[in-house]
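# Examination of the molecular architecture
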Amino acid sequence: MAEFFKTSVIWVVDFHYEGHPRRWYKALRSHEDPQQAMMEQLQDLYGKRATLVSVRRATEEEELQYLRGDTPKNAYCPTGR
């Protein structure tokens, strides 16, 4: 994909929620600090129940999964809501 028109970057966010591993794909603006942004978002959503493990740039395959809407396992609650 041509980089010159992209204003965001896809990141893979691994974290633990109540001790269980979870993964998100997140699109953030190119100039944002992904580590800080994800720490703040997890804190806002889950407080002390979530712990950030790692944030890394998505591979090409992961970017395609994100664009197709294929979410990683454990992205949503088990009830599907």
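A few words now on helix α1 (residues 34–46). Structural remark: α-helix, 3.6 residues per turn; residues separated by three or four positions point the same way. The end-to-end C-alpha distance of α1 is 18 Å, a good match for the 18 Å that 13 residues give at a rise of 1.5 Å each. Considered for burial, the residues of α1 that qualify are Pro34, Ala37, Met38 and Leu42. For α1, the angular spread of the buried residues around the axis is 125 degrees, confining them to a single face. Structurally, α1 contributes buried residues whose contacts are with β1 (8–17), β2 (20–29) and β3 (50–57).

Further remarks concern the pattern of salt bridges. Evaluation of the coordinates by the stated rule reveals three salt bridges. Of the charged contacts, one joins Asp14 and Arg23 as a salt bridge, the two residues approaching to 2.6 Å between their closest N and O atoms. Look at Arg23 and you get partly exposed, because its relative accessible area is 27%. Of the charged contacts, one joins Arg56 and Glu62 as a salt bridge, the two residues approaching to 2.8 Å between their closest N and O atoms. Residue classification places Glu62 among the buried positions, given a relative accessible area of 10%.

Right, let's talk about the sheet that holds β3 for a bit. Strand order in the open sheet formed by three strands is β2-β1-β3, with antiparallel pairing between adjacent strands. The sheet is open, and its two edges are formed by β2 and β3, each paired on a single side. Here the strands of the sheet are splayed against their neighbours by 25 degrees on average, with no regard to which way each runs. Contacts from α1 reach β1, β2 and β3 within the one sheet, and its direction differs from that of β2 by about 125 degrees. Across the sheet, helix α2 (residues 60–68) is in contact with β1, β2 and β3; its angle to β2 comes to roughly 85 degrees.

The rules behind these values
Residues numbered from 1 in each chain as written. Predicted model: local features only at pLDDT ≥ 70, side-chain atom pairs only at ≥ 80, totals over all residues. Heavy atoms only, no water. Helix = DSSP H or I, 4+ residues; strand = E, 2+ residues; numbered from the N terminus. Expected span 1.5 Å × (residues − 1). Buried < 20%, exposed > 50% of the residue type's maximum accessible area, 1.4 Å probe, protein only. Arc of directions from axis to C-beta. Contact = heavy atoms within 4.5 Å. Salt bridge = Lys/Arg side-chain N within 4 Å of Asp/Glu carboxyl O. Pairing = 2+ DSSP bridges. Axes fitted to C-alpha atoms, helices over the stretch in contact; angles between N-to-C directions.

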